[in-house]
Amino acid sequence: MQKKIVLSGSRPTGNIHLGNYFGAIENWVSLQDTYECNFFIADWHALTTGYADTQDLKKNTISLIADFVACGLDPEKSTLFLQSSVKQHAELFLLFAMNTPLSWLERCPTYKDQLANLSDRDITTYGFLGYPALQAADILVYRADFVPVGEDQIPHLEITREIARRFNFLYSKEVFPEPLPLLTKAKVLPGTDGRKMSKSYGNTIALADTPDEVKKKVMSMITDPARIRKDDPGHPEICTVFAFHKIFNEAQVPEIEEQCRGGCIGCVACKRIMQEKIAVFHTPIHEKRQSLLENETHLRDIIEEGSRKASIKAEATMEMVRDAVRIGL
Ligand code: TRP
Ligand code: SF4
């Protein structure tokens, strides 16, 4: 039986951190054997909000390939590619731009949200408004069945489905299947300050961080403020360190919880235990990433080969699309 097609992407906006890993990449890795997977670096998407600030784009692209591979995305199993190397995304985006109603884009919740929040940049641009149509092109150009994404991307996927439906209707051909989200029960890992882990909060633990930096970040995490002395009873449910234990030290969670509530363990000792566990997870991935970055040519080869494979798939769809639209001779 033909494997179902999966597609997802990530913007090259900086280094992958543990929040990204547990929120998405871990799941992508697990899909590789079951589905025909396509994972890409959304560099055109990065321009929708970052068009004025592209100094780090190439560097971030290379380091994202390294992060992908270090996390276990396997170029032998999955097609790993760079969006801007597969021009068919742009061609399909152009065609969608012709028939996507402005109202669909204007009512997109992430559009309204980001317009209000990214007040430090001017994103009142055509490309920013149109980016759900670009995302639709990313997905539909592979005729993907499933898109593993977080909750926040659901509105974009809904627009993608509407765009697919409208295209099929306008040109009376079932060119595009309507892709479904593949929602992950993502493990939620807070940032080192207890808020959502996010680059813009400066509270991340990145794969790029050295083991020493990770250690420092862990040891300076905020714990339950009620615990001043070691025998003060603690409240693990409000403690960031405890949230990390749940992911990196599952086996000892009941014991830590009891000792914390009973005031039998100090926060420094508790952090030290967790720090050792996080290192077991983080250090090998970090080292893999660093060694991959030592051979940039190899990383470029991976992404070039992936982009070549992606272009073949995308071109097959575009032949159906051009034919349906009756564009060209
Ligand atoms: N918009 C996504 C994000 O900001 C990235 C992305 C672009 C994407 N195209 C995609 C994700 C297609 C899934 C499918 O994170
Ligand atoms: Fe948090 Fe551990 Fe301190 Fe309890 S003992 S408050 S779980 S760091």
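The model shown is predicted, which means the values in this text are computed figures rather than measured ones.

## Some details on the pairing of strand β2 (residues 36–41)
Here is step 1 of the chain: Of all six residues making up β2, five are buried, and the element is well covered by its neighbours.
Here is step 2 of the chain: Judged from the six bridges that link them, strand β1 (residues 5–10) and β2 form a sheet pairing that is parallel. Across the sheet, residue Val 6 finds its bridge partner in β2, namely Cys 37.
Here is step 3 of the chain: Taken together, β1, helix α1 (residues 18–31) and β2 form a β-α-β motif whose crossover is right-handed.
Here is step 4 of the chain: Looking at chain direction, β2 and strand β3 (residues 79–82) are connected through four bridges and run parallel. Within β3, the position partnered with Ile 41 by the bridge is Leu 82.

## Focus: the nonpolar core
Here is step 1 of the chain: Ranked by internal contacts, the top residues of the largest apolar core, which has 49 residues, are Leu 18, Ile 205, Phe 244 and Ile 278.
Here is step 2 of the chain: Considering each element in turn, this core owes the most residues, eight residues, to helix α3 (residues 57–71).
Here is step 3 of the chain: Here this core gathers at least three residues from each of two domains, domain 1 (5–189 + 296–325) and domain 2 (199–290).
Here is step 4 of the chain: With 42 residues, the next largest nonpolar core counts Val 86, Ala 133, Ala 144 and Val 325 among its residues.

## Let's talk about the packing of α3 against helix α14 (residues 296–325)
Here is step 1 of the chain: Between α3 and α14, the least distance of the axes is 10 Å, while the angle of their chain directions is 80°. One finds that α3 runs roughly perpendicular with respect to α14. Residues Ile 62, Ile 65, Ala 66 and Val 69 of α3 lie in contact with α14, whose contacting residues are Glu 296, Leu 299, Arg 300, Ile 302 and Ile 303.
Here is step 2 of the chain: Of the residues belonging to the contact of α3 with α14, the class tally is seven nonpolar, no polar and two charged.

## Side note on the domain arrangement of the protein chain
Where interface size is given, it is often the accessible area lost as the parts come together that is meant.
Here is step 1 of the chain: On domain assignment, one finds that the protein chain holds domain 1 (5–189 + 296–325) and domain 2 (199–290).
Here is step 2 of the chain: For domain 1 versus domain 2, the separation of C-alpha centres amounts to 34 Å.
Here is step 3 of the chain: The contact between domain 1 and domain 2 buries some 1400 Å² in all, and 73% of this surface belongs to carbon and sulfur atoms.
Here is step 4 of the chain: Of all residues in domain 1, Leu 18, Ala 70 and Leu 189 bury the most surface against domain 2, accounting for 38% of the area lost on that side.

## So, the pattern of salt bridges
For side chains of opposite charge, pairing can occur when their charged atoms come near one another.
Here is step 1 of the chain: With the rule as written, the count across this model stands at 19 salt bridges.
Here is step 2 of the chain: By sharing partners, the salt bridges in this structure join Glu 158, Arg 161, Arg 165 and Glu 178 into a single network.

## Notes on unusual backbone geometry
Here is step 1 of the chain: Of note, Ser 172 is a non-glycine position whose phi angle comes to about 50°, a positive value.
Here is step 2 of the chain: Tracing the chain through its elements places Ser 172 in the loop between α9 (154–170) and β5 (180–181).
Here is step 3 of the chain: One non-glycine residue, Arg 326, lies in positive phi territory at about 65°.
Here is step 4 of the chain: Among the structural elements, Arg 326 can be located in the segment after α14.

## Comments concerning the site of ligand 1
Here is step 1 of the chain: The local shell around ligand 1 consists of Leu 7, Ser 8, Gly 9, Arg 11, Phe 40, His 45, Gln 135, Asp 138, Ile 139, Val 147, Val 149 and Gln 153.
Here is step 2 of the chain: Note that a nitrogen atom of ligand 1 is positioned 3.5 Å from one of the side-chain N or O atoms of His 45.
Here is step 3 of the chain: Burial of ligand 1 by the protein amounts to 88% of the accessible area it has alone, namely 360 Å².
Here is step 4 of the chain: Among the secondary structure elements, those contributing two or more residues to the shell around ligand 1 are β1 and α8 (131–140).
Here is step 5 of the chain: Residues belonging to the shell around ligand 1 are distributed by class as follows: five nonpolar, five polar and two charged.

What counts and what doesn't
Residues numbered from 1 in each chain as written. Chains lettered and ligands numbered in written order. Predicted model: local features only at pLDDT ≥ 70, side-chain atom pairs only at ≥ 80, totals over all residues. Heavy atoms only, no water. Buried < 20%, exposed > 50% of the residue type's maximum accessible area, 1.4 Å probe, protein only. Helix = DSSP H or I, 4+ residues; strand = E, 2+ residues; numbered from the N terminus. Pairing = 2+ DSSP bridges. Right-handed = clockwise from strand over helix to strand, strands pointing away. Core = buried A, V, L, I, M, F, W, Y, C linked by side-chain atoms within 4.5 Å. Domains from an automatic or database assignment. Axes fitted to C-alpha atoms, helices over the stretch in contact; angles between N-to-C directions. Parallel < 35°, antiparallel > 145°, perpendicular 65-115°, else oblique. Contact = heavy atoms within 4.5 Å. Nonpolar A, V, L, I, M, F, W, Y, C, P; charged D, E, K, R; others polar. Buried area = accessible area lost by both parts, 1.4 Å probe. Salt bridge = Lys/Arg side-chain N within 4 Å of Asp/Glu carboxyl O. Near = heavy atom within 4 Å. Polar contact = N/O pair within 3.5 Å; in protein donor to acceptor, adjacent residues only side chain to side chain. Areas by Shrake-Rupley, 256 points an atom, 1.4 Å probe, with all protein chains shown as cover.

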